[in-house]
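Observations on the model geometry
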Amino acid sequence: MQLAAARGAYVVGTARPGEDDAYLRDLGARDTVDVTGDVPAAMVALRPGGIHAVVHLAGDGLELADLLVPGGRIASTLGLSGDQLDGRAVQVTPVMALPVSRILGRLAADVVYGQLTVPVQRTYALANVPRALADFAAGTRGKLAISVP
């Protein structure tokens, strides 16, 4: 979200109303839609001409692909692939973690120079990893960190 907003994108996030909404706006979202409601209908109301790009981190990827303008792009961390698009005139890019030193270095520099923030909700001792995993599964706002001695 921060990277897209920094590059001039009109960013819309999905959030629960209240603190989550404010949190995403602080990270660069211009607008948010209520994640507990009908996200596609809310997006159509907000951007009736369609949207150009989606980052698919949750929800139904095909529903999100239907919100795109022809030629729009969807990046999916949840396994959506081009063969699932059933003739939709959009592009899909499956996203997998690929720790490339050049990209990691650029992201680290962005953090150092204040252009990117990494909100850490809580830090756990190494011995408390099971608790950290349970907290992660319950949902978090921000990152969970493990302190390694």
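Above this note sits the structure.
Report follows, based on the coordinates. (Residues numbered from 1 in each chain as written. Predicted model: local features only at pLDDT ≥ 70, side-chain atom pairs only at ≥ 80, totals over all residues. Heavy atoms only, no water.)

Moving on, we come to the pattern of salt bridges. For the structure shown, the criterion picks out 6 salt bridges. Note that D21 is salt-bridged to R25, the shortest N-O span being 3.1 Å. In this pair, D21 and R25 are both assigned in helix α2 (residues 19-26), 4 residues apart and thus about one turn of the helix distant. With its nearest N and O atoms 3.1 Å apart, the salt bridge here joins R131 to D135. Of the two residues, R131 and D135 are both situated in helix α6 (residues 129-138); the distance of 4 residues between them amounts to about one turn of the helix. Relative accessible area serves as the criterion here: at 15%, D135 is assigned to the buried category. Via salt bridges that share partners, E19, D20 and R141 belong to a single interconnected network. (Salt bridge = Lys/Arg side-chain N within 4 Å of Asp/Glu carboxyl O. Helix = DSSP H or I, 4+ residues; strand = E, 2+ residues; numbered from the N terminus. Buried < 20%, exposed > 50% of the residue type's maximum accessible area, 1.4 Å probe, protein only.)

Moving on: the sheet that holds strand β5 (residues 91-94). Remark on secondary structure: sheet strands pair via backbone hydrogen bonds, oriented parallel or antiparallel. The parallel open sheet is built from 3 strands, whose spatial order is β3-β4-β5. In this open sheet, the two edge strands, each paired with only one partner strand, are β3 (51-56) and β5. Each adjacent strand pair in this sheet contributes to an overall mean axis angle of 10°, direction not counted. Inspection of the sheet shows strand β4 (residues 68-76) paired to β5 by 4 bridges, in the parallel sense. (Pairing = 2+ DSSP bridges. Axes fitted to C-alpha atoms, helices over the stretch in contact; angles between N-to-C directions.)

The next subject is the environment of R88. If you trace the backbone, R88 turns up in the loop between β4 and β5. In this view, R88 contacts L62, A65 and D66; residues no more than four positions away in its chain are not counted. Within the structure, the side chain of R88 is placed 2.5 Å from the side chain of D66, a separation counted as a polar contact. (Contact = heavy atoms within 4.5 Å. Polar contact = N/O pair within 3.5 Å; in protein donor to acceptor, adjacent residues only side chain to side chain.)

Inspection of the sheet shows strand β6 (residues 120-125) paired to strand β7 (residues 143-147) by 5 bridges, in the parallel sense. In the strand pairing of β7, V120 is matched with K143. Once the chain exits β6 it traverses α6 before rejoining the sheet at β7, and the crossover so formed is right-handed. (Right-handed = clockwise from strand over helix to strand, strands pointing away.)

Time to look at the nonpolar core. Of all hydrophobic cores here, the largest spans 14 residues; its most connected members are M43, I51, V54, L68 and I74. At the level of elements, α3 (39-46), β3, α4 (61-65) and β4 are the ones that each hand at least two residues to this core. Ignoring sequence-local partners within four residues, the contact set of I74 consists of V54, H56, G61, L64, A65, L68, L80, Q91, V92 and T93. With 5 residues, the next largest nonpolar core counts A15, L24, L27 and A29 among its residues. (Core = buried A, V, L, I, M, F, W, Y, C linked by side-chain atoms within 4.5 Å.)

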